[in-house]
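# Fold and geometry: a report
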Amino acid sequence: MTPLLQRKLIVVTGKGGVGKTTISGALGLLAARRGLRTLVVEVGERQHIPALLDIPEPSQAGIEVSLSDSLSSMSIDPDRALADWLRALGGRVSSRVLLSSATFQYFVAAAPGAREVLSMVKVLELTENEDKPGRKRNRDAYDLVILDAPATGHALALLSSPRTFTGLARVGPIAAQTRLVSDLLEDPERSGYVAVAQGSEMAVAETLELRDRLREELDRELDVVIANGALPRRFDEHELSKVAKLGAEHPATRSAIAAANAVHVRARMQNNQIARLRRQQLHVLRVPFLFMPGLDATALQSIASRLERGLGLTESA
Ligand SMILES: Nc1ncnc2c1ncn2[C@@H]1O[C@H](COP(=O)(O)OP(=O)(O)O)[C@@H](O)[C@H]1O
Ligand SMILES: [Mg+2]
């Protein structure tokens, strides 16, 4: 099996708020550290990864930002991808005007999957750096593209768009590129899938749903599931029984006992949920909850190191 970082595209998805952008950024740092020219692509108008590394966000979607020697980021906005494409068909209207027009809304409704497939065509182009007949080698192309995909449902709409999308063009460049998108997404040597989850009932259910849909739509498996924000098991049973025996006359002692028990119960609930993932024979990697007000570059680097060990890329794995 081709190691994850040696593929061209890694798709990161999961439930809203579980840490997809954080994990995508950390994977980007990891790949760049290992010498790969890496691009992290967010979906939507805004970019969040530059700020994590203390770099100002560009004013527009679609602009590549250099974050370090080997790491860049950009965002792809599906609405804009469709507007740009419509405009390239020959309209004089600017993409901005098109976006707010009734025609655009009509188009979105009439051609399901168009925005998504055009976004994926952009992703495909970013992954292409091999010599091809009739195509000049792009020397600045990336070794690896990491797609910080939207939450599961929307991510699946992107991933299955080559199939959904049938209206726009059956022949011509778009049809050909759509097939190339499918080829990439279905090829285990060139693409990989990372699910980000948390130790909660809902996030685990969504991960299992994602696993099933990936199988159905693309005949692919999840390469790894990140159990993000995992709480440490601070106390073993012996310690807990000692805690239970502490005198509880003082309010401060009472709250300390309550806090110790609460943390223990939460960590245990999380572990039970993470165990549900492991029972499905998924490759589960725990990333600890980092206790700090907001994650920064140092935090991201430490998550990158955690992923490096978990993916078996270091000797201490
Ligand atoms: N391992 C972690 N420890 C602590 N906070 C985290 C961790 N992972 C993510 N977060 C925080 O959780 C919030 C959501 O993370 P984010 O990566 O933006 O999620 P998503 O992209 O899935 O919506 C952010 O505030 C982020 O800093
Ligand atoms: Mg995000």
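Preceding this paragraph is the structure being described.
Read on for a plain summary of the structure.

## Side note on unusual backbone geometry
The phi torsion at aspartate 54 lies on the positive side, around 65 degrees, for a residue other than glycine. Locating aspartate 54 in the fold gives a position in the loop between helix H2 (49–52) and strand S3 (65–66). Positive phi values are uncommon outside glycine, yet aspartate 219 reaches one of about 60 degrees. Following the sequence through the fold, aspartate 219 ends up in the loop between helix H10 (201–218) and strand S7 (224–230).

## A word on the pattern of salt bridges
Here the structure, examined in full by the defined rule, presents 12 salt bridges. Close ionic contact of arginine 211 with aspartate 212 constitutes a salt bridge, the shortest N to O distance being 3.0 Å. The exposure class of arginine 211 is buried, given its relative accessible area of 8%. What makes aspartate 212 partly exposed here is its relative accessible area of 33%. The shortest N-O distance in the salt bridge between glutamate 217 and arginine 213 comes to 3.3 Å. Note that glutamate 217 and arginine 213 are positioned in helix H10 at a spacing of 4 residues, about one turn of the helix. Classification of arginine 213 as partly exposed rests on a relative accessible area of 26%. When salt bridges that share partners are traced, they join Arg33, Arg34 and Glu308 into one network.

## Structural notes on the packing of H10 against helix H12 (residues 251–279)
The N-to-C vectors of H10 and H12 enclose an angle of 10 degrees; their axes lie 9 Å apart at closest approach. Comparing the axis directions of H10 and H12 gives the class roughly parallel. Between H10 and H12 the crossing geometry is right-handed. Seen from H10, the contacting residues are Glu201, Val204, Ala205, Thr207 and Leu208; seen from H12, they are Gln273, Arg276 and Leu277. Among the residues making up the contact of H10 with H12, the classes are represented as 4 nonpolar, 2 polar and 2 charged.

Reading the values: the criteria
Residues numbered from 1 in each chain as written. Chains lettered and ligands numbered in written order. Predicted model: local features only at pLDDT ≥ 70, side-chain atom pairs only at ≥ 80, totals over all residues. Heavy atoms only, no water. Helix = DSSP H or I, 4+ residues; strand = E, 2+ residues; numbered from the N terminus. Salt bridge = Lys/Arg side-chain N within 4 Å of Asp/Glu carboxyl O. Buried < 20%, exposed > 50% of the residue type's maximum accessible area, 1.4 Å probe, protein only. Axes fitted to C-alpha atoms, helices over the stretch in contact; angles between N-to-C directions. Parallel < 35°, antiparallel > 145°, perpendicular 65-115°, else oblique. Left-handed = near helix turned anticlockwise from the far one by under 90°. Contact = heavy atoms within 4.5 Å. Nonpolar A, V, L, I, M, F, W, Y, C, P; charged D, E, K, R; others polar.

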